[in-house]
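Chains, contacts and geometry: an overview
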Amino acid sequence: MPVLLNPDPTDPANQIVRWTSETQMSFDVEPTEKLAVGIYDVTVTNADGKSASRPRSLAIVAPPKVDAVVPMNVCVAQGERMVEVKGSGFLTVDGMAPTVEVDDANGVLVEG
């Protein structure tokens, strides 16, 4: 069943499809779309009715799940410490592993 992402491109409140040039566009897929996990074909249809499709070009994956961080607490006063994040659904895209952000006890992002 097709999912129509931008039913009225003239509606300023509904601009989830953005053209960056005559040959390149981007679009947002919001959680409210409730797309099932899977691989989707993408079809773009212009106002004149002409369209182009890209089979199997959009992957919807489940969010990652963190089960544990080992060790749970660390002190880096004496130097760097290795921390292992255990869980499932961590996705590597084009050889790029996921990143982890760490906050201190006050909820401030630790730089480093």
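These notes cover the structure that comes with them. (Residues numbered from 1 in each chain as written. Predicted model: local features only at pLDDT ≥ 70, side-chain atom pairs only at ≥ 80, totals over all residues. Heavy atoms only, no water.)

1. Section: the overall build of the protein
Spelled out, the test is: Runs of H or I in DSSP of at least four residues are treated as helices and runs of E of at least two as strands, each being numbered from the N terminus. Both definitions apply: the radius of gyration is a C-alpha atom measure, and the globule rule equals 2.2 Å times residues to the power 0.38. Burial here depends on accessible area, computed with a 1.4 Å probe over protein chains only, as a share of the maximum for the residue type. Under 20% is buried, over 50% is exposed, and the range in between is partly exposed. Pairs of residues are marked as contacts when any of their non-hydrogen atoms sit within 4.5 Å. Per-residue accessibility takes into account occlusion by the displayed protein chains alone, with areas from the Shrake-Rupley method and a 1.4 Å probe. Asp and Glu are treated as the negative residues and Lys and Arg as the positive ones, with His and the ends of the chain left uncounted. In plain terms, the charge of a residue is placed at NZ if it is Lys, CZ if Arg, CG if Asp and CD if Glu.
Across its full length, the protein carries 0 helices and 6 strands. In sequence order, the protein lays out its α and β elements as β-β-β-β-β-β. Against the compact-globule benchmark of 13 Å for 112 residues, the protein has a radius of gyration of 20 Å, which places it well outside the compact range. Expressed along its principal axes, the backbone C-alpha trace of the protein runs to roughly 65 × 30 × 25 Å. In the protein, which comprises 112 residues, the proportion classed as buried is 6%. Considering only contacts in the protein between residues 6 or more positions apart, those separated by 24 or more positions represent 18%. Taken as a whole, the protein presents about 9,900 Å² of accessible surface, with 55% of it coming from carbon and sulfur. In the protein, 8 side chains carry a positive charge and 16 a negative one; their mean positions are 8 Å apart.

Shape descriptors only; they carry no functional weight alone.
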